[in-house]
Amino acid sequence: MPEKNILLEAKGIGKTYGQAIKTIALKDVNLQIQKNEFITLIGPSGCGKTTLANILGALDQPTSGTIYYKGSALAKMKDNQLAEFRNQHVGFIFQFHFLLKEFTALENVLIPTWIKHQLAPAKKVKRAKELLELVGLKDRMYNRGNKLSGGQQQRVAVARSLINEPDLILADEPTGNLDSSNTDQIFGLLKKINQEMETTFLIITHERHIAAKSNRIVEMLDGEVIKDFPNQGEEDKQWLSLAPEYCKLCQQDQKKTVNLR
Amino acid sequence: MMLFSLRVALRFLIEGKNQSLFIIVGIAVGVSVIIFIGAIITSLQFNLIEQTLGNSAHITISESGDVFKDIKETSRFGIIENQLEESADFQDWRPILDYLVQTNQFTAISPVLDGNGFLVKGGEDTSILLRGVELERANQIYQISQRITKGDDALEGNQILIGKDLAEDFKLNPQDIVVIALANNVREKFSIQGIFDFENESINRNWIFIDLKRAQKLLDKENYISKIELQIEDVFTADNISRELNNQLKALKIDNWKEQNAQLLNALSSQSFSNYIIQIFVLLAVTLGISSVLGISVIQRSRELGILKALGIRNSGARMIFIFQGGILGLLGALLGALIGVLLVRSFTTFVSVFSIEIRPSQMILVMIVTTIAGIVSAVIPANSSAKMNPIEVIRNA
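How each quantity is defined
- Residues numbered from 1 in each chain as written.
- Chains lettered and ligands numbered in written order.
- Predicted model: local features only at pLDDT ≥ 70, side-chain atom pairs only at ≥ 80, totals over all residues.
- Heavy atoms only, no water.
- Contact = heavy atoms within 4.5 Å.
- Buried area = accessible area lost by both parts, 1.4 Å probe.
- Salt bridge = Lys/Arg side-chain N within 4 Å of Asp/Glu carboxyl O.
- Polar contact = N/O pair within 3.5 Å; in protein donor to acceptor, adjacent residues only side chain to side chain.
- Buried < 20%, exposed > 50% of the residue type's maximum accessible area, 1.4 Å probe, protein only.
- Helix = DSSP H or I, 4+ residues; strand = E, 2+ residues; numbered from the N terminus.
- Arc of directions from axis to C-beta.
- Phe/Tyr/Trp six-rings, centres within 6.5 Å; stacked < 30°, edge-to-face > 60°.
- Core = buried A, V, L, I, M, F, W, Y, C linked by side-chain atoms within 4.5 Å.
- Pairing = 2+ DSSP bridges.
- Axes fitted to C-alpha atoms, helices over the stretch in contact; angles between N-to-C directions.
- Nonpolar A, V, L, I, M, F, W, Y, C, P; charged D, E, K, R; others polar.
- pLDDT = per-residue confidence, 0-100.

1. Here we look at the interface of chain B and chain A
1) Next: The partner chain A presents 30 residues to the 27 residues of chain B that form the contact.
2) Next: Taking both partners together, chain B and chain A bury about 2800 Å²; carbon and sulfur atoms supply 60% of that area.
3) Next: On the chain B side of the contact with chain A, B:Phe4, B:Arg11 and B:Leu311 bury the most area, a combined 23% of that side's loss.
4) Next: Inspection of the region where chain B meets chain A yields 5 salt bridges.
5) Next: B:Arg11 is paired through a salt bridge with A:Glu107; the nearest N and O atoms lie 2.7 Å apart.
6) Next: If you look at where chain B meets chain A, you find 12 residue pairs in polar contact (both at pLDDT 80 or more).

Here's what the structure looks like:
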């Protein structure tokens, strides 16, 4: 693909936690995200997926390496510019549905707009309602964040990530809390947005059938990208059949996550 | 524009309403103490000043008392003897009076001619101060007419007004006739027209009011007065005003109450000082209270702050959330405190007080502004820690 289509590029990203005892979370990760891609990021727990997503979204800073957004280095941006970047160009959907419990579902969806404009223009309010309708929460719009079920909160978070029409949505197990029909609905929705609004997606997931629906799969292990390939039917099957070890890990992981919840 | 921060601040305060309510009541208690003590001290001082100065001149204008000047001036009129003896009476006071009236600076302007003498009744006598006044002008300072307890306030010819204690000592009543012997050997009969009560024993025993013109005649001081007595609106400006007067009326001697009451002033200012100290410490306690509650709130809200930061709120926006909370808590606490303060003062006036307590609106507004500012200041440290919070910590630890 031509260079100008690169939305976000990670060059030699390393991340180390801790002062005395160092934990290496990421080792020399290189990744190019093209415009309008629908990528899934897979790998066992603790392999650095979330850390990478947070660094890509400028929530966290790498210990080494640089992230380039449309060619400009995030490392050179000041705090306010990074905040603006997160607000306008990135939409986050976290693993644990992070809503502000003091605000209603509709207000939670509007928060990124409020941060940007202080007040929400009427058309944004209308858009927020549409998005909530889209995620099936039309009649829960005025419920407080803490008066919604986990799945409902996650769907509000999806709507929230879309409100400022970002270029890139980083979703960390967005359907981890949802049942399979909800999961399919959400993914159908994300896919639709990907096609209609040309929004780029990077989705961390454990679910193979989700990964199977994406058009690129990036696999990580121990802080490194070990596979990165376009998902075009054939190769997909090949990958799924060639990686039984990973699938085992994958299932263990899911059990672990379920237990944690 | 920090509208979003304000919105979040309000929502946080409402959501944690018990906590908000506690700290608001805490601030209110502090503010009501400040208002209550402030009102008591101010009113106490006001009463003290009123008692000390209410019925006396704030500024007096008299002859300078320079003997040589007296001789020079008075020799023209040939009354050297008198001037040397009492050295303070002066003649050309009409233009001065007109000038004083025209300045519009004075709430009372009253020319007086004083003369010493003895009141004689039934073989007994007592020294008195005969005060020649223009009743209407003297009323502006002494409210004589309102203080008449027996008889009336007419002052014509040989009619005089005497004090309550003098009347009791000599068993005098209105319409009684007394003899007064003056320093210049004049002895005259006077008719008591009324008896006044100044709530001051020395005045009630010594002062006798008489018409100015009649006094001038009796004392052989046609057209003379001893001094012009003045009152002003704000008693504490007496020294400044008397300085101005001194520039205008160089030949005359200008005295003001501040020079003569240094001790009282000293007492008042130490009282004010202790009042300020109390207020500052209460304010400090209030500030620390708000600060610690908001400090805890930052920790309680760290999850929310992390989300807001991930969603792109700037550090300044995160800081303002707590600055607004501090300001709002301060303002609401101050409003409630003002209300409690007023109720305290009201009930104190109704049930306890012997003097009237007044709350000055300006003082209340000042207290409220200061408390709101204290709320904002106390939010600075929590606000900074909210600005410094790293969203990734929150998201990782969720």
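Following the structure, the description resumes.
2. Quick notes on helix 16 (residues 380–388) of chain B
All names here are of chain B.
1) Next: What helix 16 keeps buried is the set Pro382, Ala383, Ser386 and Ala387. The buried residues of helix 16 occupy one face: seen down the axis, they fall within an arc of 140 degrees. Turned more than 90 degrees off the buried face of helix 16, the exposed positions are Ile381 and Lys388.
2) Next: At its buried positions, helix 16 is contacted by helix 12 (262–300), helix 13 (302–310), helix 14 (315–351) and helix 15 (361–378).

3. Quick look at the packing of aromatic side chains
Residue and element names in this part refer to chain B.
1) Next: Scanning the entire structure with this criterion turns up 15 aromatic pairs over all chains.
2) Next: Seen in terms of ring centroids, Phe198 and Phe209 are 6.2 Å apart; in terms of plane orientation they differ by 40 degrees. Their pairing is tilted. Pair noted here: Phe198 is in the loop between strand 7 (187–196) and helix 8 (201–206) and Phe209 is in strand 8 (residues 207–211), with a separation of 11 residues, a long-range link.
3) Next: Under the relative-accessibility criterion, Phe198 is labelled buried at 5%.
4) Next: Ring centres 5.8 Å apart and planes at 70 degrees place the aromatic pair Phe236 and Trp257 in the edge-to-face group.

4. Concerning the pattern of salt bridges
1) Next: In this structure the tally under the stated criterion is 24 salt bridges over all chains.
2) Next: Between A:Glu84 and B:Arg314 there is a salt bridge; the shortest N-O distance is 3.4 Å. Of this pair, A:Glu84 sits in helix 2 (residues 79–88) while B:Arg314 sits in the loop between helix 13 and helix 14, which puts the two residues in different chains.
3) Next: Residue classification places B:Arg314 among the partly exposed positions, given a relative accessible area of 36%.
4) Next: Of the charged contacts, one joins B:Glu188 and B:Arg214 as a salt bridge, the two residues approaching to 3.6 Å between their closest N and O atoms. In this pair, B:Glu188 is assigned in strand 7 and B:Arg214 in helix 9 (residues 212–218), connecting sequence segments 26 residues apart.
5) Next: We classify B:Glu188 as partly exposed; its relative accessible area is 25%.
6) Next: Each of A:Lys101, A:Glu102, B:Arg301 and B:Glu304 takes part in a single network of salt bridges with overlapping partners.

5. A word on the nonpolar core
1) Next: Core analysis: the largest hydrophobic core is formed by 107 residues, its most contacted members being A:Leu56, A:Leu132, B:Leu308 and B:Ile321.
2) Next: When residues no more than four places from it in sequence are discounted, the contact partners of B:Ile321 are B:Ser5, B:Val8, B:Ala9, B:Phe12, B:Leu305, B:Leu308 and B:Ile313.

6. A closer look at unusual backbone geometry
1) Next: At A:Lys70, a position not held by glycine, the phi torsion is positive, near 45 degrees.
2) Next: Here A:Lys70 shows up in the loop between strand 4 (64–69) and strand 5 (72–73).
3) Next: Non-glycine residue B:Asp220 carries a positive phi angle of around 60 degrees.
4) Next: Inspection of the secondary structure assignment puts B:Asp220 in the loop between helix 9 and strand 9 (227–232).

7. What to know about the side chain of B:Gln193
Residues and elements named next belong to chain B.
1) Next: Position of Gln193 relative to the elements: it lies in strand 7.
2) Next: Given a relative accessible area of 9%, Gln193 falls into the buried group.
3) Next: Side-chain polar atoms of Gln193 contact the side chain of Asp152, separated by 3.0 Å.
4) Next: With near-sequence residues (within four places) excluded, Gln193 lies in contact with Lys150, Gly151, Asp152, Ala154, Gln159, Ile160, Leu161, Pro174 and Gln175.

8. A closer look at the sheet that holds strand 10 (residues 224–230) of chain A
All names here are of chain A.
1) Next: Spatially, the 6 strands line up as an open sheet ordered 6-7-8-3-9-10, and their pairing is mixed. On the outer flanks of this sheet lie strand 6 (90–93) and strand 10, each paired with one strand and no other. Strand-to-strand twist across the sheet, computed as the mean angle between neighbouring axes with direction ignored, equals 15 degrees.
2) Next: Note: strand 6 against strand 7 (residues 168–172), 4 bridges, orientation parallel. Opposite Phe92, over in strand 7, you have Leu170 as the bridge partner.
3) Next: Strand contacts of helix 1 (residues 49–56): strand 3 (38–42), strand 7, strand 8 (200–204) and strand 9 (216–221), with the helix running at about 155 degrees to strand 8, the strand carrying the most contacts.

9. Let's talk about the packing of helix 3 (residues 105–117) of chain A against helix 1 (residues 3–15) of chain B
1) Next: Viewed as axis vectors pointing N to C, helix 3 of chain A and helix 1 of chain B meet at an angle of 145 degrees, and their least axial separation amounts to 10 Å. Across from A:Glu107, A:Ile111, A:Trp114 and A:Ile115 in helix 3 of chain A, the residues of helix 1 of chain B making contact are B:Phe4, B:Arg7 and B:Arg11.
2) Next: The residue inventory of the contact of helix 3 of chain A with helix 1 of chain B, partitioned by class, reads 4 nonpolar, no polar and 3 charged.

10. Section: the side chain of B:Ser386
1) Next: The topology assignment puts B:Ser386 in helix 16.
2) Next: Here B:Ser386 is in contact with B:Val298, B:Leu305, B:Lys309, B:Ala318, B:Arg319 and B:Phe322, once residues within four sequence places are set aside.

11. Quick look at the confidence of the model for chain B
Residues and elements named next belong to chain B.
1) Next: Confidence in the prediction of chain B, expressed as mean pLDDT, is 86, and 93% of residues score 70 or more.
2) Next: Of the regions scoring below 50 in pLDDT, residues 67–87 engages in 28 contacts with residues more than four places distant in sequence or in other chains.
3) Next: For this predicted complex, the interface confidence comes out at an ipTM of 0.85, alongside a pTM of 0.73.

12. Some details on the sheet that holds strand 1 (residues 6–17) of chain A
All names here are of chain A.
1) Next: Taken in spatial order, the 4 strands of this open sheet run 2-1-4-5, and their pairing is antiparallel. Here the strands that pair on one side only, and so sit at the sheet edges, are strand 2 (23–34) and strand 5.
2) Next: Sheet analysis places strand 1 next to strand 2, joined by 8 bridges and oriented antiparallel. Note on strand 2: the bridge partner recorded for Tyr17 is Thr23.

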